[in-house]
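Observations on the three-dimensional arrangement
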Amino acid sequence: MAALRARRCDVAVRYTYDLVPEPALVADEFTVHLLAADPVLLALPAGGDLRAAVDLRDLADTPWIVGSREDGSAALVRAACALAGFAPRIAHEVDDYHLALRMVANGLGAALLPQLAAAAHAPAATDVALRPVRGPELVRRIHALTLPAPAARPAVDAVLALLRPRVA
């Protein structure tokens, strides 16, 4: 966002989690374009009913695998587990979805992963069950930010069109 403010780029992409408070953007500083609402799924070692939603209270003693940024998946895990009535036991911090899925597959803990990220790393998830969480919906919202523009910007509009998901 600093590069966008300094006009070193024309589009910035960021994500937020619904349960994680974000600092408010300065009114009229950016135009915010919602690109996707990406469900967050629970990654567990394979087994059991893959369609059944999981109550996080059942995982109160489970070690958790999170990202190292406190404003990302670590904050989401803490918020979701707090709503379920417990503080998670953070066992591992990794910033690689592929590695997180391999760690889950090897029984090192549970993780919350955005569906798009899990799908992109599907080969690493062959021994992982991706399941919905019972309770409040967990969603990662992906946004593009641009500077407000009074006139047409064909290049920026083209980039935004490419970033938006295709509807079949």
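Our subject in this report is the structure included herewith. (Residues numbered from 1 in each chain as written. Predicted model: local features only at pLDDT ≥ 70, side-chain atom pairs only at ≥ 80, totals over all residues. Heavy atoms only, no water.)

Here's the deal with helix α3 (residues 97-105)
Here α3 has its buried residues at A100, L101, M103, V104 and A105. Turning to α3, the residues buried within the fold contact β2 (31-45), β3 (63-66), β4 (89-93), β5 (111-114), α4 (115-120) and β6 (128-131). Positioned one or two residues after α3, G107 has a phi angle of 80°, which is positive. (Buried < 20%, exposed > 50% of the residue type's maximum accessible area, 1.4 Å probe, protein only. Helix = DSSP H or I, 4+ residues; strand = E, 2+ residues; numbered from the N terminus. Contact = heavy atoms within 4.5 Å.)

Looking at the pairing of β3
Neither face of β3 is left uncovered, since the one carrying P63 and I65 and the one carrying W64 and V66 both have all their residues buried. Bridge count for β3 against β4 is four bridges, and the pairing is parallel. Opposite P63, over in β4, you have R89 as the bridge partner. Considered for its hand, the β-α-β crossover made up of β3, helix α2 (residues 73-83) and β4 is right-handed. (Pairing = 2+ DSSP bridges. Right-handed = clockwise from strand over helix to strand, strands pointing away.)

What about the nonpolar core?
One finds L42, L56, L59, W64, L76, L112 and L138 to be the most contacted residues of the largest nonpolar core, which totals 22 residues. For this core, the elements supplying multiple residues, two or more each, are β2, β3 and α2. The greatest single-element share of this core, amounting to six residues, is contributed by α2. Other than its neighbours up to four places away in sequence, L42 contacts V54, L56, L59, W64, A110, A111, L112, A129, L130, R131 and V133. Of all hydrophobic cores here, the second largest spans 11 residues; its members include I65, A100, M103 and A111. (Core = buried A, V, L, I, M, F, W, Y, C linked by side-chain atoms within 4.5 Å.)

Brief notes about α2
In terms of burial, α2 is largely enclosed, as eight of its 11 residues are buried. Taken together, the buried positions of α2 are S73, A74, A75, L76, V77, A79, A80 and C81. Packed against the buried residues of α2 are β1 (12-17), β2, β3, β4 and β5.

Focus on the pattern of salt bridges
Counting across every chain of the model gives five salt bridges. One salt bridge connects R5 with E29, and the closest N-O pair in it is separated by 2.4 Å. Highlighted residues: R5 in helix α1 (residues 2-5) and E29 in the loop between β1 and β2, separated in sequence by 24 residues. Take R5: its relative accessible area is 43%, and that puts it in the partly exposed class. Here D18 ties to R141 by a salt bridge, and the two come within 3.0 Å at their closest N and O atoms. Taken together, the positions of D18 in the loop between β1 and β2 and R141 in strand β7 (residues 139-146) put the pair 123 residues apart, joining distant regions of the chain. Connected via shared salt-bridge partners are D55, R57 and R134. (Salt bridge = Lys/Arg side-chain N within 4 Å of Asp/Glu carboxyl O.)

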